[in-house]
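Understanding the architecture of this molecule
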Amino acid sequence: MTILAPDVVVAGGGIAGLSAAIAARRAGASVLVAEAAPQALRGGNARHARNLRLMHDGPTDLMPGAYDEAEFLADLERVTEGETDRAVALRLIRASADIPAWLAGCGVSFQRPGGSLPPSRKTAYFLGGGKAVVNALYQEAARLGVTVWHEAELVDLTAEREPAIVIAYGGEPYTLRPGALVAAAGGHQADLDWLRRDFGPAAARFAIRGTPFDTGRALRLLLAAGARPAGAPGRGHLVAVDARGPRFDGGIVTRVEAIPFGLAIDRAGNRLDDEAADPARTHFAKWGRLLAERGDAVLILDAEGERRAPVPALEPIRAATLDDLAARLGLDAGALRAAMAAFNAKGGAARIATPPFAAIPMCPGLTFTHFGVEVDETMRVRMPDGEGAANLFAAGAIMAASVLGRGYLAGLGLTIAIASGRIAGEAAAQHSRSRDART
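What you see is a predicted model, and the numbers here were worked out from it, not measured in a lab.

As for the sheet that holds strand β6 (residues 147-150)
Here we have six strands laid out as an open sheet, ordered β6-β3-β2-β10-β18-β17, and mixed in their pairing. Looking along the sheet, the strands with just one partner apiece sit at the ends: β6 and β17 (380-382). The sheet shows a mean angle of 30° between the axes of neighbouring strands, taken without regard to direction. As paired elements, strand β10 (residues 180-183) and strand β18 (residues 388-394) share three bridges and run parallel to each other. Counterpart to V182 in the pairing with β18 is F393.

Things to note about unusual backbone geometry
Following P355, the chain continues to P356 via a peptide bond in cis, the omega torsion being 0°. Checked against the element boundaries, P356 lands in the loop between α11 (333-345) and β16 (357-373). Even without a glycine there, the phi angle at E81 is positive, about 55°. With respect to the helices and strands, E81 occurs in the loop between α2 (69-80) and α3 (86-95).

Here we look at the domain arrangement of the protein chain
Each domain of the protein chain was delimited in the assignment, giving domain 1 (8-236 + 369-437) and domain 2 (237-364). Between domain 1 and domain 2, the C-alpha centre-to-centre distance is 35 Å. If you look at the interface, domain 1 gives 19 residues, while domain 2 gives 19 residues. Each partner contributes to the roughly 1,800 Å² buried at the junction of domain 1 and domain 2, and carbon and sulfur atoms together form 51% of this total. In terms of surface lost to domain 2, no three residues of domain 1 exceed R205, F206 and R209, which account for 40% of the buried area on that side. Taken together, the links from domain 1 to domain 2 amount to two salt bridges. For the salt bridge of R47 with D249, the shortest nitrogen-to-oxygen distance reads 2.7 Å. The interface formed by domain 1 and domain 2 includes 13 residue pairs in polar contact (both at pLDDT 80 or more). Looking at the side of domain 1 that touches domain 2 residue by residue, the classes come out as ten nonpolar, five polar and four charged.

Notes on the environment of I15
Residue position: I15 is located in helix α1 (residues 15-26). Those residues in contact with I15, other than ones at most four positions away along the chain, are G43, A46, V133, V134, L137, L414, A417 and I418.

Some thoughts on empty space enclosed by the protein
For the structure shown, the criterion picks out two cavities of 30 Å³ or more. Lining of the largest cavity is provided by F72, L76, A89, L92, I93, V403, L412, T415 and I416. Of the residues that constitute the lining of the largest cavity, the class distribution is eight nonpolar, one polar and no charged. Taken as a whole, the second largest cavity encloses approximately 40 Å³ of empty space. Only β11 (207-208) and β12 (229-242) provide two or more residues apiece to the lining of the second largest cavity. Two domains share the lining of the second largest cavity, each providing at least three of its residues, namely domain 1 (8-236 + 369-437) and domain 2 (237-364).

A look at the pairing of strand β2 (residues 8-11)
The alternating pattern of β2 places V8 and V10 and V9 and A11 on opposite faces, both of which are buried. Sheet topology places β2 next to strand β3 (residues 31-35); four bridges connect them, and they run parallel. Within β3, the position partnered with V8 by the bridge is V31. Both β2 and β10 contribute to a ladder of four bridges, which runs parallel. Residue pairing across strands places A11 opposite A183, the latter belonging to β10.

Cut-offs used in this document
Residues numbered from 1 in each chain as written. Predicted model: local features only at pLDDT ≥ 70, side-chain atom pairs only at ≥ 80, totals over all residues. Heavy atoms only, no water. Pairing = 2+ DSSP bridges. Helix = DSSP H or I, 4+ residues; strand = E, 2+ residues; numbered from the N terminus. Axes fitted to C-alpha atoms, helices over the stretch in contact; angles between N-to-C directions. Domains from an automatic or database assignment. Contact = heavy atoms within 4.5 Å. Buried area = accessible area lost by both parts, 1.4 Å probe. Salt bridge = Lys/Arg side-chain N within 4 Å of Asp/Glu carboxyl O. Polar contact = N/O pair within 3.5 Å; in protein donor to acceptor, adjacent residues only side chain to side chain. Nonpolar A, V, L, I, M, F, W, Y, C, P; charged D, E, K, R; others polar. 1 Å grid on protein atoms, 1.4 Å probe; cavity = no way out; pocket = protein on both sides within 12 Å on 5 of 7 lines; lining within 4 Å. Points joined across faces, edges and corners; volume = space filled by probe spheres on them. Buried < 20%, exposed > 50% of the residue type's maximum accessible area, 1.4 Å probe, protein only.

Here it is as C-alpha cells:
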C-alpha cells in the first residue's frame, strides 16, 4: 500500500473537479485528480453540455442586455420554490460574472451571438460544446502540473484533522493524507439500485442521460462521515427521451421535442395527457415526470406532424398505414385506430390523418438528482453541527442540491460546477497552506 500526501486531492475529473484542480494549483498547491472514467470518457456530464448561465450588468460580447444578481436569484428561487441556500446561491451567482474570462484563460472559446445560435440574454454557448471545454481544461491542468489518475475512484474516507482517504487506482489501493479533499465526483444517478430505493419501480425504466461513472460512492462516503444531506432522495430532473437510446450517456440528443405535434398513448392505446397543453420547447420536462408516473408511451405522428417537429437524432418508426404501424410497434391495431379517432374528434391543432405515419417510443430520462450534501459559502461540507468541515470541500453535482433543491434552469448546472469548483479549489489550497505554516 502506497501512502501519498499531496496538498489537495480532487475526487472527480468533470468540469467542477477540473475547475477546483486548476484553481488550487494556481494558488500554489500540489494537486492530484482522481477521475473514475477512462481517458476517452472522462469529463462527467459536462461532455453533453452546451451553455452556462451568467450574471452580467450590461451587454457583453457574448450576451445582450443585462441579467443582474437580483434577476438571477429570482429565477432560482422561482424554480426551486424557495428550496435554495440563499447565501451559497448568491456566492455562486456573483462568481459567475467572470467565468467567461477565467475559462478563456484556460483556452476555452465561446460562440458569438448570431447565425444559427439562438439569442440569449441569460446563457452563453461554448464553441465545440462541453467536450471541447473538458479537453481545454485537461490541457490547462496538465500545463500547470496537476497529476491526473484515470480509472481511479475514491473508495474510503476518514474525516479527521487531516483527511485520510483511499483511492483505488490500477488495481491497487492508495492511502493519501492530503491537506484537503475536494469531492467533485457527481451525483448518484448511475447507481440503479439507489435509484430504485428512492424512485421506486419506475427507476427500472429510466434512461440515465449522463455518465455511468456517477455512482454516488463519494456522496455515500461524505454522508457516512457525517455530512449534512441537501435536497431530497427520490427527486430529480426528468425529461422525455427516445426509449431506443442508450441506457447511459444518451445526452441531449435523445430528448423528444415533438410531443405537441402528435398523440401520446400507452401500449393499451390510452392517451396520457393533452399533448398541446404545453407547446413550449421545454415541454419534455413535464412529460418526463408523466412517463415516470404513468408508464412508458409511444408518440404517434402523421406526415404533417413530422414536418412541423424538430428533426430527431433517431429515425422514427414509419409505416404507410396505422395497422402496419401498430404491427411494427406490437400494439393492438384496433386500439390505435380508436385512439386516433378520439384524438382527431377533439379538433385540436394536431391531427393524425396524413400518411406515412411515424412513432417514437418514449421513456423517462434522468438528467440529475436533487440530492447531495450541504456546503457553506466557501464550499466546505457542512457537518452535523452546521459548521463547515475544515478540510472537506464539495463542488458540482454533489453539492448542487444546496442551491437547486428542486426544479431546473437552463445552463445552471455548469455555472454551479465551475463557480463552486473554483471557490472550493482556492479554499482547499488556502487551508493546505495554513496547515503547512502551522507545522
